Amino acid sequence: LLIDLRSQIGETEQKLAVKQSERDYWLEYKNVGSKTQANKIMKLEKDIKEVKDDLQRAIEHYRNALKAVKEGNDRLVERHAKLSMEQAPENAVKYLDKNIRREIEENEWLKEEVKIYQKEVSDLKASIQLLEEENIHLATKLFVRLQHLGV
C-alpha cells in the first residue's frame with residue numbers, strides 16, 4: 001500500500017511539475033509575452049490603417065485620373081464629330097456627278113448674289129425713306145409758304 005501510495009505521490013508530483021511549468025509559461029506570457037504581442041498587434045493595426053489610407057489616396061487619384069481621361073476622350077470625340085460633320089458635305093460632293101456639282105456651285109454663287117442684292121435693296125429702301133422724309137419736309141414748307149401767300 002505504501003509503495004502504491006509512493007507511486008501515486010510520484011505521479012502526482014510529476015503532474016504537479018507539468019502543471020507548474022505550464023503555469024510558469026502562462027505567467028511569463030501574461031507578464032512579458034502578452035505585452036510583446038499587444039505591441040505587435042498595435043503595430044499591425046497601425047500598418048493596416050496606413051495601408052487603408054494609402055488605398056483611399058490611390059483610389060481617389062485613379063478616380064480623378066479616370067475622370068480627366070474620360071473628359072479628354074469626350075472632347076476628342078466631340079471635335080472629331082464636328083470635323084466629320086464639316087467635311088461630310090465636301091466628301092459627299094466629291095462622289096456626285098459633274099452636273100450636280102456644277103448645280104451646287106451655281107447654287108452657292110446664287111446665294112452670294114442674293115445676299116448682295118438684299119443689301120442693295122435694304123440700302124435703296126433706306127435712301128427712299130430719306131428721300132420721302134425730305135419730300136414731306138419740303139412739301140410742308142411749300143404748304144406753309146402758300147398759306148402765307150394766301151393761296
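These numbers come from a predicted model, not from an experiment.

## A word on the overall build of the protein
In step 1: Within the protein one finds 2 helices and 0 strands.
In step 2: Computed over its C-alpha atoms, the radius of gyration of the protein comes to 53 Å, more than 25% above the 15 Å expected for a compact globule of 151 residues.
In step 3: With the C-alpha coordinates of the protein rotated into their principal frame, the extents come out at 170 × 65 × 20 Å.
In step 4: Burial statistics for the protein: of 151 residues in total, 2% are counted as buried.
In step 5: When the accessible surface of the protein is totalled, it reaches about 14600 Å², and 60% of it is carbon and sulfur.
In step 6: Within the protein, one finds 28 positive and 29 negative side-chain charges whose respective centroids are separated by 7 Å.

## Details of the domain arrangement of the protein
In step 1: Domain parsing of the protein yields domain 1 (1–95) and domain 2 (98–150).
In step 2: Here domain 1 and domain 2 have C-alpha centroids that lie 85 Å from each other.

## Quick look at a nonpolar patch on the surface
In step 1: Taken together, Y25, W26 and Y29 make up a surface patch of nonpolar side chains, about 360 Å² in accessible area.
In step 2: Note on placement: Y25 falls in helix α1 (residues 2–94).

## As for the pattern of salt bridges
In step 1: In the structure shown here, the tally under the stated rule is 8 salt bridges.
In step 2: Note that R23 and D24 form a salt bridge whose closest N and O atoms lie 3.9 Å from each other.
In step 3: For R23, a relative accessible area of 46% gives the class partly exposed.
In step 4: When its relative accessible area of 39% is taken as the criterion, D24 is described as partly exposed.
In step 5: Residues R63 and E60 are paired through a salt bridge, measuring 3.5 Å at the closest nitrogen-oxygen approach. In this pair, R63 and E60 are both assigned in helix α1, 3 residues apart and thus about one turn of the helix distant.
In step 6: Its relative accessible area of 39% is what places E60 among the partly exposed residues.

The rules behind each value
Residues numbered from 1 in each chain as written. Predicted model: local features only at pLDDT ≥ 70, side-chain atom pairs only at ≥ 80, totals over all residues. Heavy atoms only, no water. Helix = DSSP H or I, 4+ residues; strand = E, 2+ residues; numbered from the N terminus. Rg over C-alpha atoms; globule rule 2.2 N^0.38 Å. Buried < 20%, exposed > 50% of the residue type's maximum accessible area, 1.4 Å probe, protein only. Areas by Shrake-Rupley, 256 points an atom, 1.4 Å probe, with all protein chains shown as cover. Lys, Arg positive; Asp, Glu negative; His and termini not counted. Charge placed at Lys NZ, Arg CZ, Asp CG, Glu CD. Domains from an automatic or database assignment. Patch = residues over 30% accessible without salt bridge, like charges linked within 9 Å, V, L, I, M, F, W, Y side chains within 5 Å. Salt bridge = Lys/Arg side-chain N within 4 Å of Asp/Glu carboxyl O.

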